[in-house]
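# Summary of structural features
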Amino acid sequence: MPDRDPLSDAEIQDALDTLDGWSYQDDAIHKTYEFEDFREAVSFIVQMAFYAEEANHHPELENVYNTVTLAFTTHDAGGKVTETDIELARTIDDALGA
């Protein structure tokens, strides 16, 4: 299981250098995905939910028509970014080909 200790800003930036399209702001890592339509966006949310549940780590998400925005932070670590957030972002991107 990934570590749930807060990462430093430098560690977060190093990790983001390996994740396409992710950014860091407001103590969370964020990514917005764009799809062809609403149905595809909701399908992504359902698929992503299985990976999040498996990791017992659940992102904040926002869906507007064909876009889905994810924000990861670890509540157990005081709302800071941890290796758990980085690993789940990587898992979702790898598994879904994003």
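Please read these numbers as outputs of a predicted model, since none were measured by experiment.

A few words on the nonpolar core. In this structure, Trp22, Ile29, Phe44, Leu70, Phe72 and Ile92 are the most contacted members of the largest nonpolar core, which totals 22 residues. Secondary structure elements with two or more residues in this core: α1 (9-16), β2 (28-34), α2 (38-55), β4 (67-72) and α3 (83-96). Broken down by element, the residue count for this core peaks at five residues, all from α2. When neighbours within four sequence positions are excluded, isoleucine 29 is seen to be in contact with Ile12, Leu16, Trp22, Ser23, Tyr24, Leu70, Ala71, Phe72, Val81, Asp85, Ile86 and Ala89.

Our focus in this paragraph is a nonpolar patch on the surface. Residues Phe38, Val42, Val46, Phe50, Val64 and Tyr65 make up a contiguous nonpolar surface patch of about 590 Å² in total accessible area. Element by element, the count of residues in the nonpolar patch is highest for α2, at four residues. Here phenylalanine 50 is to be found in helix α2.

The next point concerns the packing of aromatic side chains. Per the stated rule, a full pass over the model turns up four aromatic pairs. Here tyrosine 33 and phenylalanine 35 contribute two aromatic rings whose centre-to-centre distance is 6.4 Å and whose plane-to-plane angle is 15 degrees, an arrangement assigned as stacked. Of the two residues, tyrosine 33 and phenylalanine 35, both sit in the buried class. With a centroid separation of 5.1 Å and 35 degrees between ring planes, the pair formed by phenylalanine 35 and phenylalanine 44 is classed as tilted. By the burial criterion, phenylalanine 35 is buried, and phenylalanine 44 matches it. Through successive ring pairs, a cluster of aromatic residues spans Tyr33, Phe35 and Phe44.

The next thing to look at is α1. Those residues of α1 that fall on the buried side of the exposure criterion are Ile12, Ala15 and Leu16. The arc that holds the buried residues of α1, viewed along the axis, is 100 degrees, so those residues lie on one side. Among the exposed residues of α1, those oriented more than 90 degrees off its buried face are Ala10 and Asp14. On its buried face, α1 sits against β1 (23-25), β2 and α3.

Rules behind the numbers
Residues numbered from 1 in each chain as written. Predicted model: local features only at pLDDT ≥ 70, side-chain atom pairs only at ≥ 80, totals over all residues. Heavy atoms only, no water. Core = buried A, V, L, I, M, F, W, Y, C linked by side-chain atoms within 4.5 Å. Buried < 20%, exposed > 50% of the residue type's maximum accessible area, 1.4 Å probe, protein only. Helix = DSSP H or I, 4+ residues; strand = E, 2+ residues; numbered from the N terminus. Contact = heavy atoms within 4.5 Å. Patch = residues over 30% accessible without salt bridge, like charges linked within 9 Å, V, L, I, M, F, W, Y side chains within 5 Å. Areas by Shrake-Rupley, 256 points an atom, 1.4 Å probe, with all protein chains shown as cover. Salt bridge = Lys/Arg side-chain N within 4 Å of Asp/Glu carboxyl O. Phe/Tyr/Trp six-rings, centres within 6.5 Å; stacked < 30°, edge-to-face > 60°. Arc of directions from axis to C-beta.

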